[in-house]
Amino acid sequence: MENNVVLTMRGIDKIFPGVQALNKVDFTLKKGEVHALMGENGAGKSTLIKVLTGVYQKEGGEIHIEGISHPLTNRSPEEAQKNGISTVYQEINLCPNISVAENIFVARQPRTRIGAVNWKKMNKDAEKALKKVGLDINVTKPLGEYSVAIQQMVAIARAIDVQCKVLILDEPTSSLDDSEVKKLFDVMNNLKASGVAIIFVTHFLEQVYEVCDAITVLRNGEFVGEYRIAELPRVQLVAKMLGHDVDDLSSLRKTSKEKNNIQNKDSILKATQLGKAGSIKPFDIEIKRGEVIGLTGLLGSGRSELARLLFCADKPEQGDIVFKAENLNAHAPIDSIKKGMAFLPEDRKEEGIIADLSVRENLMIALQARTGMFKLLPMSKQNELTEKFIKMLKIKTASPETLIKQLSGGNQQKVILGRWLITNPEFLILDEPTRGIDVGTKTEIQKLIVNLAEEGMTIMFISSEIEEMLRTVNRLCVLCDRQKIGELKNDNLSQHDVMTAIAGGV
Amino acid sequence: MGTNSNNFRGGFKKLTEMRLFLPIVALILVLLVNIIKTPTFFNVSIQNGVLYGYVIDILNRSCELVILAVGMTLVIATGGIDISVGAVSALAAAICIRMLGSSYDAYAVPMGISILIGLIAGMACGAFNGFLVAKMRIQAMVATLILFTAGRGIAQLISAREIGGKMVPGQIIYVRMESFKAFGGFLPNVVVPTPFFIAAAVVIIAYLFLSKTAFGLYIQATGINSKAGRLVGINSTLITFLCYVICGLTAALAGIISSSRIYSSDANNIGLYMELDAILAVALGGNNMSGGKFSLAGSVIGAITIQALTTSLYAMGVTADQLPVYKAIVVILIVSIQSEELKRWLNSRSKKNATIKVAG
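Each value, and the rule that gives it
Residues numbered from 1 in each chain as written. Chains lettered and ligands numbered in written order. Predicted model: local features only at pLDDT ≥ 70, side-chain atom pairs only at ≥ 80, totals over all residues. Helix = DSSP H or I, 4+ residues; strand = E, 2+ residues; numbered from the N terminus. Buried ≥ 20, exposed ≤ 12 C-beta atoms within 10 Å, placed from the backbone. Contact = placed C-beta atoms within 7 Å. Rg over C-alpha atoms; globule rule 2.2 N^0.38 Å. pLDDT = per-residue confidence, 0-100. Nonpolar A, V, L, I, M, F, W, Y, C, P; charged D, E, K, R; others polar. Core = buried A, V, L, I, M, F, W, Y, C linked by C-beta atoms within 7 Å. Pairing = 2+ DSSP bridges. Axes fitted to C-alpha atoms, helices over the stretch in contact; angles between N-to-C directions. Expected span 1.5 Å × (residues − 1). Arc of directions from axis to C-beta. Parallel < 35°, antiparallel > 145°, perpendicular 65-115°, else oblique. Left-handed = near helix turned anticlockwise from the far one by under 90°. Bend = angle between axes of the 7 residues up to and from the residue.

A. Highlighting the overall build of chain B. When helices and strands are counted, chain B shows 16 helices and six strands. With respect to the three principal axes, the spread of C-alpha positions in chain B is 90 × 55 × 35 Å. Every one of the 360 residues in chain B was classed for burial, and the buried ones make up 46%. Excluding contacts between residues fewer than 6 apart, the proportion of contacts in chain B whose partners are at least 24 apart in sequence is 74%.

B. Local environment of the overall build of chain A. Within chain A one finds 17 helices and 19 strands. Taken over the C-alpha trace, chain A has a radius of gyration of 26 Å; the compact-globule value for 506 residues is 23 Å, and the two agree within 12%. Considered along the principal axes of its C-alpha atoms, chain A spans approximately 80 × 55 × 45 Å. For chain A, buried positions account for 44% of its 506 residues. Within chain A, residue pairs in contact and separated by at least 24 positions form 67% of the contacts whose partners lie at least 6 positions apart.

C. Region of interest: the confidence of the model for chain A. Residues of chain A with pLDDT of at least 70 account for 92%, and the chain-wide mean is 86. Per-residue pLDDT stays below 50 along residues 246-260 of chain A; that stretch engages in 17 contacts with residues further than four places along the chain or on separate chains.

D. Just the interface of chain A and chain B, in detail. Each partner contributes to the interface: chain A provides 25 residues, whereas chain B provides 21 residues. Secondary structure elements with two or more residues in the side of chain A that touches chain B: α10 (333-339), α11 (348-352) and α12 (359-371) of chain A. The element best represented in the side of chain A that touches chain B is α12 of chain A, accounting for six residues. When the residues that make up the side of chain A that touches chain B are grouped by side-chain class, the tally is 17 nonpolar, two polar and six charged.

E. Looking closely at the nonpolar core. Ala-69, Leu-91 and Ala-92 of chain B are the most contacted members of the largest nonpolar core, which totals 245 residues. Non-local contacts of Leu-91 of chain B, meaning those with residues more than four positions away in its chain, are made with Ala-121, Cys-125, Gly-151, Ile-154 and Ala-155 of chain B.

F. Region of the structure containing unusual backbone geometry. Backbone geometry places Lys-324 of chain A, a non-glycine residue, at a positive phi of 50°. Within the element layout of this structure, Lys-324 of chain A appears in the loop between β13 (318-323) and β14 (326-327). On the basis of neighbour count, Lys-324 of chain A is assigned to the partly exposed category, with 15 C-beta atoms found within 10 Å. We note that Asn-189 of chain B has phi near 65°; this positive angle belongs to a residue other than glycine. Mapping Asn-189 of chain B onto the fold places it in the loop between α8 (181-184) and α9 (194-212). For Asn-189 of chain B, a count of 7 C-beta atoms within 10 Å puts it in the exposed group.

G. Summary view of the sheet that holds strand β11 (residues 280-288) of chain A. All names here are of chain A. Read from one edge of the open sheet, four strands run β11-β10-β13-β14, paired in antiparallel fashion. Edge positions in the open sheet fall to β11 and β14, since each of these has one partner strand only. Relative to β14, β13 is paired through two bridges, and the arrangement is antiparallel. Paired with Phe-323 across the bridge in β14 is Glu-326. Packing of helix α9 (residues 303-311) onto the sheet brings it into contact with β10 (267-276), β11 and β13, and relative to β11 it is tilted by some 65°.

H. Representation of the environment of Gly-165 of chain B in the model. Locating Gly-165 of chain B in the fold gives a position in the loop between β3 (161-163) and β4 (166-168). Look at Gly-165 of chain B and you get exposed, because 5 C-beta atoms sit within 10 Å.

I. View of the sheet that holds strand β18 (residues 475-479) of chain A. All names here are of chain A. The strand order across the open sheet formed by six strands is β15-β16-β17-β12-β18-β19, and the pairing between neighbours is mixed. The open sheet has two edge strands with one neighbour each: β15 (341-344) and β19 (484-489). Put simply, the sheet's adjacent strands are angled 15° from each other on average, direction ignored. Relative to strand β16 (residues 427-431), β15 runs parallel, the two sharing four bridges. Counterpart to Met-341 in the pairing with β16 is Phe-427. The sheet strands contacting α9 are β12 (292-296), β15, β16, β17 (458-462), β18 and β19, and the helix crosses β16 at an angle near 150°.

J. Inspection of helix α6 (residues 178-193) of chain A at higher detail. Residue and element names in this part refer to chain A. With 16 residues, α6 extends 23 Å between its outermost C-alpha atoms, agreeing within 8% with the 22 Å of an ideal straight helix rising 1.5 Å per residue. When α6 is considered as a whole, its buried residues turn out to be Leu-184, Met-188 and Leu-191. Seen from one end, α6 has its buried residues packed into an arc of 60°, which puts them on one side. Turned more than 90 degrees away from the buried face of α6, the exposed residues are Asp-178, Ser-179, Lys-182 and Ala-193. Against β3 (34-38), α5 (148-161), β6 (166-170), β7 (197-201) and α7 (205-211) lie the buried residues of α6. Note on α6: the residue one or two positions beyond its end, Gly-195, has a positive phi of about 100°.

K. Just the environment of Tyr-54 of chain B, in detail. All names here are of chain B. By the secondary structure assignment, Tyr-54 is in helix α3 (residues 54-61). For Tyr-54, a count of 20 C-beta atoms within 10 Å corresponds to the buried category. On a C-alpha basis, the gap between Tyr-54 and Ile-257 in space is 20 Å, while along the polypeptide they are 203 residues apart. The residues contacting Tyr-54, other than those within four sequence positions of it, are Phe-41, Thr-311 and Ala-315.

L. Molecular detail of the packing of helix α14 (residues 296-315) of chain B against helix α15 (residues 323-337) of chain B. Residues and elements named next belong to chain B. Two elements in contact, α14 and α15, have axes separated by 10 Å at closest approach and are oriented at 130°. Judged by the angle between their axes, α14 and α15 are oblique. Like other packed secondary-structure pairs, α14 and α15 cross with a definite hand, here right-handed. Across from Leu-309, Thr-310 and Leu-313 in α14, the residues of α15 making contact are Leu-323, Tyr-326, Lys-327 and Val-330. Counted by class, the contact of α14 with α15 contains five nonpolar, one polar and one charged residues.

M. Layout of helix α7 (residues 140-158) of chain B. Residues and elements named next belong to chain B. The end-to-end C-alpha distance of α7 is 26 Å, a good match for the 27 Å that 19 residues give at a rise of 1.5 Å each. At Ala-150, α7 shows its strongest bend, of approximately 35°. Those residues of α7 that fall on the buried side of the exposure criterion are Ala-140, Ala-143, Thr-144, Leu-147, Gly-151, Arg-152, Ile-154, Ala-155 and Ile-158. Packing partners of the buried residues in α7 comprise α5 (85-100) and α6 (111-135).

N. Layout of the pairing of β6 of chain A. All names here are of chain A. With five of five residues buried, β6 lies mostly within the body of the structure. Burial of β6 is two-sided: the residues Val-166, Ile-168 and Asp-170 facing one way and the residues Leu-167 and Leu-169 facing the other way are all buried. Summarising the sheet, strand β5 (residues 85-88) and β6 pair through four bridges and their orientation is parallel. Among the inter-strand pairings, Thr-87 is bridged to a residue of β6, identified as Ile-168. Here β6 pairs with β7 via five bridges, running parallel. Looking across to β7, one finds that Ile-168 is bridged to Ile-199.

O. Just the confidence of the model for chain B, in detail. The predicted model of chain B averages 89 in pLDDT, with 92% of residues at 70 or higher. With a pTM of 0.73, the predicted complex shows an ipTM of 0.86.

Encoded structure:
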């Protein structure tokens, strides 16, 4: 093994039914470095971590760790821990109802001679372990009484207390505020100094450049490259994550779309200082009638959160929304729907489809809710509308009464889209409407967006694919680290411009 | 000939795939055993001016369970459960009887108002459950456990009577007026028992309400995916709450019928274990116990099946203390023929047999 290298993973393959999740991925970790693992959703970051920690079994490749001569195979997280690999997961998996000390020593409590738990020693050791992460708290209190940040630190303290060479931090900062992140970084730097190598998984670009030494980028399950932090400017990183070489992008300019004078039209929605702690920092936005406005930013940048606040899918904690020249005092989505809004959520399975209801019922339900419980839409009208939208959106279903869960993902998405079009909304929010569906359907949906806007509907469009947004939107709002950082007019914008903006350089 | 048998097979397959197929088969099976063991089972005659016979007895006695099953179906469809219905029955009955009083000459409070207040008390209990489950997001089993234990206690406090200068709770208070008996017995010159009309009315009203409004659709949406339901504008908190209120109402109605049958309030015995039978009725009706799609008709058939089972076991001479054992055996049979896992197992077995035959 090379000098100073703690961990190498070579040619790692992982196959799930029908998907090659990892394809010959390499990863090298040096002693005392913080190494960022970057990539968009589905790039294979979590899979790689889970192979390393023994949650998944790899199909091919080798893992070597310093101090063990033979290739390593971890069959379980416990085994990985024994081999010196500790993990702190995004969702803190500690028990809030037992004491801090018990959490640190769970399943390995120090014993007295007769086999009882040695509480005194355990509490003392716990205090010692917490000192290492710069924490001085009462370890006998239940963990749940402390803030999320402290719980996170306790999780780290537990992870490093068992002799670890490699510490994996999977999105540890997503629930922390700025000062708490600072504290975490101090701890990371201390650990680094003591020789622990850290793998840092995050969506926040800023944090990568603040604390990391090296970056490995994955895309679609493949290894893109390993870079020293100084060698890779932000724009380059974004381009590597999204999979376009920046230099080639100029050729991909979109065909110039006729822009009717959107700027002169009256505004349909205006939000001022709208915000929610832990979700998105206060922002202003103004949307004109008939406009297609895009939200762009990396995953977790706050684009969905922004849209959710406008629709009141999440209730804003501060700020005002003026919709169609009057104050929108929404308490629940139904209030926004009644005023003429519609919202297609990002997570189709969790928040979109109602799996055990039929295609017809799924199509009609928003209009029914808008009409009111006591005014059941007559069956003749339901059938007529259902047939019309199945035909219009080319939904492939055996019959209107087929359960929606039996349809393919793309067709489910069309049903959900149809559900909102039936209500004839004035302002339609589409959060990742084209994710996970085939190319043909994607183009259909893009065309539909343009057509609807021409007919006067205002549309907010969120997509991870910059190219498809450039083809459809008039204007782009750029988000980064849960903050709206700027707006771009789509005047011959290139992907490069957008990536520069996403990387924080508007 | 070949096409005929194919048609027949296709038709049979369609029939077996109907949601109500298995519940109905279960009921028919129970009745079939009866007619073999007791040839006079289906005999109906008129004695003392009213209908008489095993079948009438089953229908009459299943009324409370049918009414309860209607409320329970809705609660289970939202993804919850209500184990307090038995205790709420006793509580509503105690309040109603307390108001009626034990005088031989007149009701202390007019009968209509007493019954109405009993029903309102049931709805209040349902509202309490609904508040805990829908608004406070407490697990339904735990939330309704409160009234499951406390309800009967409150009913006993209400059924207190002065004995030796002291108020002693948990007494049986009798109603002496004849007209109250009609509620659980017979109306003058009517051969069909009154509870039958009440149960039929409850089922019909529930059916109309569910089919003429979007309430049924909202309940299903709430039970299947309340997050998605909320985003399309359904107030799932309110829907869940309403279902518990309706369940409380049906429990009170069942309790008042039971008390009328014995013209007294017996806080210890009215509605005892009825919550279990009501849940079982919903399960026998082929409903998904984790919420979502539901069938009111299925639950009604399930309720009648349970009562048919009880009555037939009595008719075969099974004693009351042995009854639960036999009931349990039959319930295991009925529930397992409806189980998806068993179906899958049988399917894979028959496939395996088929391949073995081909290979042979």
